[in-house]
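# Inside the fold
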Amino acid sequence: MAGAIKCQAPIPWIAADMKLPLDGASTKHILWNQPRTSVMTNSTPFKGKIGRTVADSKPHWENLPSPKPGAPNVMIILFDDLGFAHLGCYGSSIETPNIDRLAAGGLRFTNFHTTALCSPTRAALLTGRNHHSVGMRGLANWNTGYPNCTGSVAKSAGTLAEMLGPCGYSTFMVGKWHLTPMEETSAAGPFDQWPLARGFDRFYGFLQGETDQFTPELYCDNRPIDPPRTPEQGYHLSEDLIDQAVDCIRNQKSAVSERPFFLYLALGATHAPHQAPKQFVNKYRGKFDAGWDAVRQQWFARQLQMGVIPAGTELAPRNQGVEPWDSLSAEHKRLACRLQEAFAGFLDHADAQVGRLVSFLGEIGELDNTLVLLMSDNGASQEGGPIGVIDTFKYFNGIPEKTEEILARIDDIGGAKSNANYPWGWAQVGNTPGKRYKQNTHGGGIRDPLIAHWPKQILDKGGFRRQFHHVTDIAPTILELAGIDVPESIKGVAQSPVHGVSLAYAFPGAAAEEPSQKRSQYFEMYGHRGIWADGWKAVTYHPPGKPFESDRWELYHLDEDFSECRDLAQAKPEKLKEMVELWWSEAGQYGVLPLDDRSRELWSIPPRAGTPRNRRRFVFYPPIGHMTGEVSPPLGNRSFTASAEIVRASATTEGALFALGTRNNGMAFYVLKDRLVFDYNLFTKHHKAVSDIPVPVGASTVAVSFEKVGERGRATVLINDVACGSVEVPTVLRMISSAGMDAGRDAGSSVSDDYEPPFDFQGQIKRLVIELPERSRRAEAEAQTAQMKTDMSRQ
């Protein structure tokens, strides 16, 4: 090779007394043919010696990395939308005996805080950095084009898995991820923000923010899969997740028992839909008939008696929009109780699964040296509205559910046919003694339970810790206890500083009364803001669409006012000014700006080039894997056409051509009993266009044309370009479902009531084409108006 670089220094892996040929060509030949893969194994220099032969060479083998001796297994158990008071050991009357045993054998933190929303909390939890700083201002579904809201976690903020794995830990992620930009969740990826690319050895769970507990959208590693059983066979997601977690640990410990593991178990419970096996829901029948006012008082009294909250704490007044229980009609009370019973059964059932996992660790002798950190991602959810919903997508579509409509399906609540969420009154009970909810920066949205259990090291069994801490403090705690430093770079990317502080100092019994080592912490979500510093908190609720400068800041001395009941803003204006200035300082430091309270725009940002939705013509070649909602064709609130080139072997050949949604709402296009059918499922009211002629045997082209006119729609089915059936749809949904689309089948929860899943098409689908026509200016304006109505209903 002409121009080869001459060796100016000894080659480290060549013996010092090794004679090299003097002619340049032979020297270059040796240099070029050395076994360089062995020289730079795992990017470390070869520590042996290479001579001309094995006889005058010295081999070297690198050991696999391992953490410090005695490093613990680490297990994070993250609940979803679980309020501060929901666990029995935090005051609830809901039975959580297995979690209560963890608390009795460990520590309960009573001043622990999160970010008020799921994706941001998860980003802060795994990285130890503030969520704006790593690009997760809000949900992974959003990308605003600003660095603080990209829908993904910056690669300059390594996850716990990326830090623990290279130091000898096995890393498992089981459950809800919701840290991948949802437009990147198709079979085409990119996969660099999926769990395996962010440091986890194995992944089993779901990528979206929520999923049906009986028919979830499941992924194993980087591919979609069907659940292992059906609801009729006893399937439930919480049980499946624990089975998978046990399987990961069992296999790893059977192979290399000395290697510690990091398990990140993020349950779907207790996010809506609230679903559980019938016996768990029925267990709570009548248990909440006293109503949310009385139950909230009972839980508050238990918190005081147990020492969960300080003596002298006041119970915050009802949140705006929560009606006095005694003012409700009998029908409204009956509905509200059923919805709360479903939530209670869901949590009780999840607790039983946690118990199975903990028992397994005990059986194999690993519990004693396993650090268990059990927590929630935010406060109890307000997304059920004032009366609750049996289908949460009515809420997201701005369709108020009438009490009489829900009562007609009341026995479905909690089961596979419902997508239920409880009303505001019960959500505030879950956040006792605080005010407001998930999404807000008052206590109800950000103060959450945290249980630390580690039999080998935590000896103050059943103790309380009252120091202020934040979810960013979890990663530094784990790294300290594992004896691992934050790396300067990961995969060649320089790492940003960790913002959290370890709370391990609080584990010893003598530390119970120590002051917090945390000095300050800001909060921001949907424009709601807050700042804590040295026992004081300033907080503001931001009405959407209002100028930020008109927001009214409140001031609380949390050390003396746990539930934020005594606003000192007028009494201490200088202190308030100091706190607000601190908020702006931290907002600048941690990338919070620009403030952004948009809602419609966050869900309707144009798709980026290279993503599945960046097109108006979608061509599929079934059978293909399941598609999440964000990578499926956007068929809500618009006209479209779908055509399929099919081949039927006989008159009995049938099956689904495509299906989008669930049994509660969606649309399905299929061949059944020789007829072509399009079913628009409007919250279990089916509107079907059925062909009046048979679908030919052999090759044919079948289609459905859906036309949106105002709020209504009309679907027409066609066989070989001949219209042969139609149906009027009274309401066109703006948001169809969080569940996505299947092509060539309808797996999971079948959209139509005409068949059972998976209803695979038995013939051949050469291709399926879905086309979205350009909207007229009038149609675009109508769509924006409709979306604004949806946004208003959400708020």
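Our structure's up above, just so we're on the same page.
Residues numbered from 1 in each chain as written. Predicted model: local features only at pLDDT ≥ 70, side-chain atom pairs only at ≥ 80, totals over all residues. Heavy atoms only, no water.

## Brief notes about the nonpolar core
The biggest cluster of nonpolar side chains holds 81 residues, and the ones touching the most others in it are Phe-79 and Leu-263. Sort the elements by how many residues they give to this core and helix H9 (residues 330–363) lands first, with 15 residues. Leu-78, Leu-125, Tyr-219 and Ile-484 belong to the second largest nonpolar core, which has 53 residues in total. (Core = buried A, V, L, I, M, F, W, Y, C linked by side-chain atoms within 4.5 Å. Buried < 20%, exposed > 50% of the residue type's maximum accessible area, 1.4 Å probe, protein only. Helix = DSSP H or I, 4+ residues; strand = E, 2+ residues; numbered from the N terminus.)

## Describing the pairing of strand S16 (residues 536–540)
Counted residue by residue, S16 has five buried out of five residues, so it is predominantly covered. Judged by which residues are buried, S16 turns out to be covered on both faces: Trp-536, Ala-538 and Thr-540 on one side and Lys-537 and Val-539 on the other are all buried. For strand S15 (residues 528–533) and S16, the ladder comprises five bridges, and the chain directions are antiparallel. Residue Arg-529 lies in a different strand from S16, and its bridge partner there is Thr-540. The antiparallel hairpin formed by S15 and S16 contains two residues in its connecting segment, where Asp-534 sits at a positive phi of about 50 degrees. Sheet analysis places S16 next to strand S17 (residues 553–557), joined by five bridges and oriented antiparallel. (Pairing = 2+ DSSP bridges.)

## Quick notes on the sheet that holds strand S19 (residues 640–648)
What the six strands build is an open sheet, ordered S18-S28-S19-S24-S25-S26; its pairing is antiparallel. A strand with exactly one partner marks an edge of an open sheet, and here the two such strands are strand S18 (617–620) and strand S26 (722–729). On average, adjacent strands in this sheet sit at an angle of 15 degrees to one another, irrespective of strand direction. One ladder, built from seven bridges, connects S19 with strand S28 (residues 764–771); its direction is antiparallel. Among the inter-strand pairings, Val-647 is bridged to a residue of S28, identified as Gln-764. (Axes fitted to C-alpha atoms, helices over the stretch in contact; angles between N-to-C directions.)

## What about the sheet that holds strand S21 (residues 666–672)?
Reading across the sheet, the five strands line up as S23-S22-S21-S20-S27 and stay open at both edges, with antiparallel pairing between neighbours. Across the chains shown, the open sheet's two edge strands, defined by having one partner strand only, are strand S23 (685–690) and strand S27 (741–743). With direction set aside, neighbouring strand axes in the sheet form an average angle of 15 degrees. With seven bridges joining them, S21 and strand S22 (residues 675–682) adopt antiparallel strand pairing. Note that in S22 the partner of Gly-666 across the bridge is Asn-681.

## Brief notes about the packing of aromatic side chains
According to the stated counting rule, one finds 29 aromatic pairs in the structure shown. Ring centres of Tyr-522 and Tyr-590 lie 5.8 Å apart, and the angle between their planes is 15 degrees; this geometry places the pair in the stacked category. Of this pair, Tyr-522 sits in strand S14 (residues 520–525) while Tyr-590 sits in the loop between helix H15 (573–589) and helix H16 (600–603); the two residues are 68 residues apart in sequence, bridging distant segments of the chain. Each of the two residues, Tyr-522 as well as Tyr-590, counts as buried. Connected via pairs of aromatic rings, a cluster forms that spans Tyr-284, Phe-288, Trp-292, Trp-325 and Trp-426. Positioned over the ring face of Phe-523 is Lys-537, at 5.9 Å from the centre of the ring. (Phe/Tyr/Trp six-rings, centres within 6.5 Å; stacked < 30°, edge-to-face > 60°. Lys NZ or Arg CZ within 6 Å of the ring centre and 35° of its normal.)

## A word on H15
A rise of 1.5 Å per residue sets the reference length of H15, with its 17 residues, at 24 Å; its end C-alpha atoms lie 24 Å apart and thus fit the reference within 8%. Taken as a whole, H15 has its buried residues at Leu-576, Met-579, Val-580, Trp-583, Glu-586 and Ala-587. Relative to the axis of H15, the buried residues are bounded by an arc of 125 degrees and lie together on one face. Pointing more than 90 degrees away from the buried face of H15 are the exposed residues Glu-574, Gly-588 and Gln-589. (Expected span 1.5 Å × (residues − 1). Arc of directions from axis to C-beta.)

## Focus on the pattern of salt bridges
Close approach of charged atoms lets side chains of opposite charge pair. Using the criterion set out here, one finds 41 salt bridges in the structure. Measuring nitrogen to oxygen at the nearest pair gives 2.9 Å for the salt bridge that ties Arg-122 to Asp-377. Here Asp-377 lies in the loop between strand S8 (370–376) and helix H10 (392–396) and Arg-122 lies in helix H4 (residues 118–127), a separation of 255 residues in the sequence. The burial state of Arg-122 is the same as that of Asp-377; both residues are buried. With a shortest N-O distance of 3.4 Å, Asp-412 and Arg-409 are connected by a salt bridge. The class of Asp-412 is partly exposed, set by a relative accessible area of 23%. A cluster of three or more residues bridged by salt bridges with shared partners is formed by Asp-80, Arg-122, Lys-176 and Asp-377. (Salt bridge = Lys/Arg side-chain N within 4 Å of Asp/Glu carboxyl O.)

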